[in-house]
Amino acid sequence: MKGFLTISVCALMLSSCSILPQPGEPIKKYTLQSVKPSGLTSSDVVRSRQLIVGLPMLYPPLDNVRIALKPQEQTIDYYADVEWADRLGVLLQESLIYSLQNTGRLRGVSRPTESIQADYALKVEVRKFYVDQSDKTQNPVAQVAYMVHLVKLPERHIVASHLFTHTQTVSENTMDMIVKSLNAAHLEVTKTLVPWILEHVR
């Protein structure tokens, strides 16, 4: 009887805990947006150049489907029961390609796997893509940092390099707002990165 009571109490405790996922409850998955088309104006120039966007290189703890946070200095952790819809590098590559295509300023933008004879290659190193919660006196902050290299093909020499960063305060500590802040930081970086690419593509 004692064993039965112990099992019953444990079952009651588990059922009353709202933090635990319900049986069969699917993991919530998130994706990233791209910068929407801005439209061409009379001063815009369409360049007869093709660009390939390589799969971004990520710091290993970020190179997966987990959504990362930094709870303290020199520590990376992950949010529970949520994921990116694909590996983070794949989502970033897709977003950058769509954002560049949406400008209408290049003849073509594609992935290296599509075997397009490109004039330039974009290489991205993702140094930060997480929510920093290390300062307990402040709201969490979404941090994004990309080291970007534009490479001329077929010579394969670097035309230009630049570090793009952005931080976005997480105003509400919910998962939807956390991802929204990461997405917003990524879009702000992209809005700066895209004109920089177009400036250097000749």
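Right above here is the structure, for reference.
Worth saying up front: this structure is predicted, and the values here are computed from it rather than measured.

Looking at the overall build of the protein
When you go through the protein residue by residue, the secondary structure sums to 3 helices and 10 strands. Moving toward the C terminus, one meets the helices and strands of the protein in the order α-β-β-β-β-β-β-α-β-β-β-β-α. When each of the 202 residues of the protein is scored for burial, the buried share is 42%. Once local pairs closer than 6 in sequence are excluded, the contacts in the protein between residues at least 24 apart make up 70%. Approximately 11800 Å² of the protein is accessible, and the part contributed by carbon and sulfur atoms is 55%.

Some details on the nonpolar core
By size, the foremost hydrophobic cluster in this structure holds 48 residues, and its most contacted members are Leu51, Ile67, Trp84, Leu122, Phe129, Tyr146 and Ile197. Aside from chain neighbours lying at most four places away, what touches Ile67 is Tyr30, Asp77, Tyr78, Tyr79, Val82, Glu83, Trp84, Met175, Val179 and Leu182. In this structure, Ile52, Ala121, Val151 and Leu153 belong to the second largest nonpolar core, which totals 5 residues.

Some details on the packing of helix α2 (residues 88-103) against helix α3 (residues 175-200)
Viewed as axis vectors pointing N to C, α2 and α3 meet at an angle of 55°, and their least axial separation amounts to 10 Å. Accordingly, the angle class assigned to the pair α2 and α3 is oblique. The two elements α2 and α3 meet at a crossing, and its hand is right-handed. Contacts between α2 and α3 involve Leu92, Ser95, Leu96, Ser99, Leu100 and Thr103 from the first element and His186, Thr190, Val194, Ile197 and Leu198 from the second. Looking at the contact of α2 with α3 residue by residue, the class counts come to 6 nonpolar, 5 polar and no charged.

Looking at the side chain of Gln133
Among the structural elements, Gln133 can be located in the loop between β8 (120-132) and β9 (141-152). Under the relative-accessibility criterion, Gln133 is labelled buried at 17%.

Observations regarding the environment of Glu114
Among the secondary structure elements, Glu114 is positioned in the loop between β7 (106-110) and β8. Using a relative accessible area of 39% as the deciding quantity, one classes Glu114 as partly exposed. On a C-alpha basis, the gap between Glu114 and Ile52 in space is 9.0 Å, while along the polypeptide they are 62 residues apart.

Topic: the environment of Ser99
By secondary structure assignment, the location of Ser99 is in helix α2. Between the C-alpha atom of Ser99 and that of Val194, which follows or precedes it by 95 residues, the distance is 7.7 Å. Sequence-distant contacts of Ser99, defined by excluding residues within four places in its chain, comprise Ser34, Val35, Thr190 and Val194.

A few points about the pattern of salt bridges
Under the definition given, this model contains 9 salt bridges. Between Arg49 and Asp119 there is a salt bridge; the shortest N-O distance is 3.8 Å. Taken together, the residues span a long stretch of sequence, with Arg49 in strand β2 (residues 47-53) and Asp119 in the loop between β7 and β8 at a distance of 70 residues. Given a relative accessible area of 28%, Arg49 falls into the partly exposed group. Relative accessible area serves as the criterion here: at 17%, Asp119 is assigned to the buried category. Among the ionic pairs, Glu155 bridges to Lys152, the shortest N-O distance being 3.9 Å. For Glu155, a relative accessible area of 49% gives the class partly exposed. Classification of Lys152 as buried rests on a relative accessible area of 18%.

Calculation rules
- Residues numbered from 1 in each chain as written.
- Predicted model: local features only at pLDDT ≥ 70, side-chain atom pairs only at ≥ 80, totals over all residues.
- Heavy atoms only, no water.
- Helix = DSSP H or I, 4+ residues; strand = E, 2+ residues; numbered from the N terminus.
- Buried < 20%, exposed > 50% of the residue type's maximum accessible area, 1.4 Å probe, protein only.
- Contact = heavy atoms within 4.5 Å.
- Areas by Shrake-Rupley, 256 points an atom, 1.4 Å probe, with all protein chains shown as cover.
- Core = buried A, V, L, I, M, F, W, Y, C linked by side-chain atoms within 4.5 Å.
- Axes fitted to C-alpha atoms, helices over the stretch in contact; angles between N-to-C directions.
- Parallel < 35°, antiparallel > 145°, perpendicular 65-115°, else oblique.
- Left-handed = near helix turned anticlockwise from the far one by under 90°.
- Nonpolar A, V, L, I, M, F, W, Y, C, P; charged D, E, K, R; others polar.
- Salt bridge = Lys/Arg side-chain N within 4 Å of Asp/Glu carboxyl O.

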